[in-house]
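Residue-level structural notes
One letter stands for each residue in the lines below.
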Amino acid sequence: MNHDHDHDHDHDHAAHAPGAKRPHAGHAGHDHGHGHGHGHSHGHHHQVDPNGNQRAFALAIGLNTAFVAIEFSYGFIANSTALMADAGHNLSDVLGLALAWGAAILAKSAPNRHFTYGLRSSSILAALFNALLLMMACGAIGWEAVQRLSHPSPVAGWTVSIVALVGVAVNGVSAWLFMAGSKEDLNVRAAYQHMAADAIISLGVVVSGAAIMYTGWAWLDPAASLVIVVLIVLSTWSLLKESLRMVLAAVPANVDPHLVREFLEQRPGVSETHDLHIWSMSTTETALTAHLVMPDGYPGDQQIDDIVAHLKAQFSIHHCTLQIEQGTTNHGCSLHAEAH
């Protein structure tokens, strides 16, 4: 007996276990916490303020695009690889923000016969591409910095410091725009982390520019570029790792599958849980499927609803499909092994 508690999709209770009581047909679209809907589905978005995020993306992209043009131009005039490197990084951030924004829009698209979950997972692809883009930018910046480090050339320290100081303000404001939604969405969190890191990096460029003015040490500029590369890699690594885990349908880092299994097996009437799978549907939503062996048969909608509500409240699992079995036959799925 399959119970697909998907907040945005209609479903029927089908494939009942032998001897189980069959509930009424067409019990669809459970949006837990907002009552039960019958014969229709309830849209539910797991974001603090989707409209606020949209405005944040638009403003941050506008601010950073303008700053990239200014920073690269002055970096070229001042012969500063640190400024040009930071401009290249900010350009990759603009592209990443545009991808994340596009994915956030696609994630709201309605399901259809080809994409029954809609395009939720596009946000995962955007996060992965964003991380890869940043890593490639690091390689290019690092290579240029090493070349300049062996053959340093004069740098206009005053120009570098002034332009980078503008960068501190632009990136600081951009980070602030994403702060509210950074706890809910990997895309938004990536944007927040990048903007916050950029503000710190720009501050580092300000310091190097000032140091060059007072010491005349031109090598400080490419050295600052290498420090920028290290900081970018460190701030991007967690994003790359998490987005790769999502692409590979790994259990989200914030969910302990052993605790989930323990919770399910402690439900009244459940003697065993098997074929438990947990994965990320998008950068904001987690899904679960599981087989619950209940020898006494289907316990009724209320108990299933309670299980689903607790999974959401305790483990932030939003979409659940629970298959009820009585244990009279082998219902194991075709996967060769299951993690315990």
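I will try to describe carefully the structure that is included in this document.

What counts and what doesn't
- Numbers given to residues run from 1 along each chain, matching the order in which its sequence is written.
- Given that this is a predicted model, residues contribute local features only at a pLDDT of at least 70 and side-chain atom pairs are listed and counted only at 80 or more, while totals for whole chains, interfaces and linings are drawn from all residues.
- Heavy atoms throughout the structure, all of them, feed into the side-chain values; hydrogens and water do not.
- Note on aromatic contacts: the rings of Phe and Tyr and the six-membered ring of Trp form a pair at centre separations within 6.5 Å, being stacked when their planes are under 30 degrees apart, edge-to-face when over 60 apart, and tilted otherwise.
- Helix and strand definitions here come from DSSP, where helices need a minimum of 4 consecutive H or I residues and strands a minimum of 2 consecutive E residues; each element is numbered from the N-terminal end.
- With a 1.4 Å probe rolled over the protein chains alone, any residue whose accessible area is under 20% of its type maximum counts as buried; one over 50% counts as exposed, and the rest are partly exposed.
- To qualify as a nonpolar core, a set must consist of buried Ala, Val, Leu, Ile, Met, Phe, Trp, Tyr and Cys residues joined through side-chain atoms within 4.5 Å.
- The contact rule is simple, with two residues in contact once any of their heavy atoms fall within 4.5 Å.
- Multiply 1.5 Å by the residue count of a helix minus one, and that product is the helix's expected span.
- Think of the arc as the fan of directions from the helix axis to the C-beta atoms.
- DSSP bridges decide pairing: two strands pair if at least two such bridges lie between them.
- Axis geometry follows a simple rule: fit a line to the C-alpha atoms, using only the stretch in contact for helices, then measure angles between N-to-C directions, giving values from 0 to 180 degrees.
- For classification purposes, an angle smaller than 35 degrees is called roughly parallel, one larger than 145 roughly antiparallel, one from 65 to 115 roughly perpendicular, and anything else oblique.
- Two helices cross in a left-handed way if the nearer one is turned anticlockwise from the farther one by less than a right angle. They cross in a right-handed way if the turn is clockwise.
- The residue classification treats Ala, Val, Leu, Ile, Met, Phe, Trp, Tyr, Cys and Pro as nonpolar and Asp, Glu, Lys and Arg as charged. All others, Gly included, are polar.

1. Focus on the packing of aromatic side chains
Aromatic ring pairs: the centre-centre distance and the angle between the two ring planes describe each pair. Tallying each qualifying case throughout the model produces three aromatic pairs. For the ring pair phenylalanine 57 and tryptophan 101, a centre distance of 6.5 Å and an interplane angle of 15° mean the geometry is stacked. One end of the pair, phenylalanine 57, is in helix 1 (residues 50-78); the other, tryptophan 101, is in helix 2 (residues 81-106), and 44 residues separate them in sequence. Owing to a relative accessible area of 26%, tryptophan 101 belongs among the partly exposed residues under this scheme. Consider the rings of tryptophan 217 and tryptophan 219, whose centres lie 5.8 Å apart with planes at 20°: the pair is stacked. In this structure tryptophan 217 comes out as partly exposed when scored by relative accessible area, which is 46%.

2. Some details on the nonpolar core
Grouped together as the largest cluster of nonpolar side chains are 21 residues, with contacts concentrated most on Val260, Leu264, Leu288, Leu292, Leu311, Ile317 and Leu322. If you list the elements that add at least two residues to this core, you get helix 7 (257-265), strand 2 (272-280), strand 3 (286-293), helix 8 (301-315) and strand 4 (319-325). For this core, the element with the highest residue contribution is helix 8, accounting for five residues. Excluding anything up to four places from it in sequence, valine 260 contacts Val255, Leu276, Ile278, Leu288, Leu311, Phe315 and Ile317. Judged by nonpolar contacts, the second largest core, of 16 residues, contains Ala85, Cys138, Val160 and Ala164.

3. Remarks on helix 8
The first and last C-alpha atoms of helix 8 sit 21 Å apart over 15 residues, in line with the 21 Å expected at 1.5 Å per residue. When helix 8 is considered as a whole, its buried residues turn out to be Asp301, Ile304, Asp305, Ile307, Val308, Leu311 and Phe315. The buried side chains of helix 8 occupy one side of the element, clustering within an arc of 160° when seen end-on. Pointing more than 90 degrees away from the buried face of helix 8 are the exposed residues Gln302 and Ala313. At the exit of helix 8 stands serine 316, carrying a positive phi of roughly 55°.

4. A closer look at the pairing of strand 2
Looking along a regular strand, one sees side chains alternate from face to face of the sheet. The sheet contact formed by strand 2 and strand 3 spans seven bridges and is antiparallel. For histidine 277, the partnering residue across the bridge sits in strand 3 and is threonine 289. Hairpin connection, strand 2 to strand 3: the antiparallel pair is bridged by five residues.

5. A word on the packing of helix 7 against helix 8
Helices that pack against each other are described as a pair by the angle of their axes relative to one another and the distance between those axes. Running from N to C, helix 7 and helix 8 point in directions that differ by 150°, and their axes come no closer than 11 Å. By the criterion of interaxial angle, the relationship of helix 7 to helix 8 is roughly antiparallel. Where helix 7 crosses over helix 8, the two elements pack in a sense that is right-handed. Counted together, Leu259, Val260, Phe263 and Leu264 of helix 7 and Ile307, His310, Leu311, Gln314 and Phe315 of helix 8 form the full contact between these two elements. Residue composition of the contact of helix 7 with helix 8, by class: seven nonpolar, two polar and no charged.

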